[in-house]
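Reading the structure
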Amino acid sequence: MIMSDLVQHHVKVPIDADMKNAVTPTTPPMVENGSPSEITLDEFEDLAALSKNNDSTVSITVVGASGDLAKKKIFPALFALYYEDCLPKHFTIFGYARSKMTDAELRNMVSKTLTCRIDKRENCSEKMEEFLERCFYHSGQYDSEGHFIDLDKKLKQHEGSRVSNRLFYLSIPPNIFLDVVKCASKSASSVNGWTRVIVEKPFGRDSESSAALTRGLKQYLVEDQIFRIDHYLGKELVENLSVLRFSNLVFEPLWSRQYIRNVQLIFSEDFGTEGRGGYFDGYGIIRDIMQNHLLQILALFAMETPISLEAEDIRNEKVKVLRSMKPLQLEDVVIGQYKSHTKELRLGYSSDMFLEISTRGVLARILIGPPTS
Ligand SMILES: NC(=O)C1=CN([C@@H]2O[C@H](COP(=O)(O)OP(=O)(O)OC[C@H]3O[C@@H](n4cnc5c(N)ncnc54)[C@H](OP(=O)(O)O)[C@@H]3O)[C@@H](O)[C@H]2O)C=CC1
Ligand SMILES: O=C1O[C@H](COP(=O)(O)O)[C@@H](O)[C@H](O)[C@H]1O
């Protein structure tokens, strides 16, 4: 996926320190007013149909719209939603960031990364044009209530007298999450519909900072308004894992430790840090992809058959796997950094333009033993 992955599965990820509420790929969130609790796909489709006829609107504000994630993943995913007719009839998308940009400049930037994801689709360019016409930009600081009041005014102009539902997608570094949530909830939240916030990882560096972030968010939002995203759960391959496991007569009986001795989850990128050195040096590869994406896949891979494919049931099975894992020891972990590749003239990790000296691991291998019971 990533966000195009959001197109198919919005992932609600209430994670807490002991993984009690670990992640589950779920059905898409409600697009209507009312309780935002998880719903089935059929219910979602009914609601999506309803939302096309009724008098409500959804305003999606991509905060950090000038950034990498917004360009590469979020706008293309929103376009895919639009293309698949999954957005409500009345919707508006606003980009928000400090960079100065006009609506036309945002559209131009976004247009470079939009694709029709599935081959041989018709009317792709017309659809892109229609989509871009619904995209606007507002420049502002992340900690300015005044700038969010200005945004609110613009949103209202588009929403008119309809019930307004508002979604803020935080595509920004985590150190400014709380500033934005504070300003958005005080100055730009919906007065007659729902207001929700999508939070990108990392959700803190460790259990303590993750809990602190949640406490901070809850000063302004209730848990049901917060949607934490693990984009890996929306990848087709990961989504298909459950089907492969539980609906395939060949695999289902063989998927057990009786027949499988060793499983390796390999995440490998064929490019370097590409300017992300500063970020990597702060977090390291274990925090970046192992404790979230790969742990999720591990849990999906190893869990027992859930009683249904409902989010809660899958989550419960995943939690059982995580609870039965032996705590890792340092000797189970090998950490390294890659050096330059002379043949392909690729730079080593520590040659990243934002890194002078680095000790942080960007390669890691972790060995996980058999379950405790
Ligand atoms: N890129 C990816 O593939 C993925 C990213 N993420 C997470 O998503 C979020 C956004 O990622 P990404 O787009 O790559 O991040 P960027 O570094 O590109 O930041 C997004 C925008 O935030 C603003 N910004 C950046 N640094 C600061 C700062 N120190 N203070 C204030 N504003 C700042 C900039 O906008 P402006 O200057 O215009 O205000 C920038 O365009 C991060 O939390 C990241 O960890 C998660 C998964 C994958
Ligand atoms: O979350 C992250 O994922 C990307 C890889 O995701 P993909 O969808 O582009 O395959 C990874 O490059 C990045 O370091 C990490 O933060």
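As a starting point, this report considers the structure included with it. What you see is a predicted model, and the numbers here were worked out from it, not measured in a lab.

**Brief notes about the nonpolar core**
Across soluble globular proteins, nonpolar side chains have a tendency to be buried as a group. Formed by 58 residues in total, the largest nonpolar core has its most connected members in Val62, Phe75, Ile93, Leu106 and Phe131. The biggest single contributor to this core is helix 3 (residues 68–83), with eight residues. With near-sequence residues (within four places) excluded, isoleucine 93 lies in contact with Ile60, Val62, Phe75, Leu78, Phe131, Arg134, Cys135 and Phe136. Core analysis: the next-biggest nonpolar cluster, separate from the first, contains 17 residues, Trp255, Phe280, Met290 and Ile314 among them.

**Quick look at the packing of aromatic side chains**
The description of an aromatic ring pair uses the distance of the two centres, along with the angle that the planes make with each other. Enumeration over the complete set of coordinates arrives at ten aromatic pairs. Ring geometry for phenylalanine 79 and phenylalanine 131: centres 5.4 Å apart, planes at 65°, overall edge-to-face. With phenylalanine 79 in helix 3 and phenylalanine 131 in helix 5 (residues 124–133), this residue pair connects regions lying 52 residues apart in the sequence. Look at phenylalanine 131 and you get buried, because its relative accessible area is 0%. Connected via pairs of aromatic rings, a cluster forms that spans Phe79, Tyr82, Tyr83, Phe91 and Phe131. If you follow arginine 134 out to its NZ or CZ, it ends over the ring of phenylalanine 91, 4.1 Å from the centre. Positioned over the ring face of tryptophan 194 is arginine 196, at 3.9 Å from the centre of the ring.

**Description of the site of ligand 1**
Within the structure, ligand 1 sits among 17 residues, and Ser66, Leu69, Arg98, Ser99 and Tyr142 are positioned closest to it. Protein contacts shield 72% of the accessible area of ligand 1, which totals 870 Å² for the unbound molecule.

Reading the values: the criteria
Residues numbered from 1 in each chain as written. Chains lettered and ligands numbered in written order. Predicted model: local features only at pLDDT ≥ 70, side-chain atom pairs only at ≥ 80, totals over all residues. Heavy atoms only, no water. Core = buried A, V, L, I, M, F, W, Y, C linked by side-chain atoms within 4.5 Å. Buried < 20%, exposed > 50% of the residue type's maximum accessible area, 1.4 Å probe, protein only. Helix = DSSP H or I, 4+ residues; strand = E, 2+ residues; numbered from the N terminus. Contact = heavy atoms within 4.5 Å. Phe/Tyr/Trp six-rings, centres within 6.5 Å; stacked < 30°, edge-to-face > 60°. Lys NZ or Arg CZ within 6 Å of the ring centre and 35° of its normal. Near = heavy atom within 4 Å. Areas by Shrake-Rupley, 256 points an atom, 1.4 Å probe, with all protein chains shown as cover.

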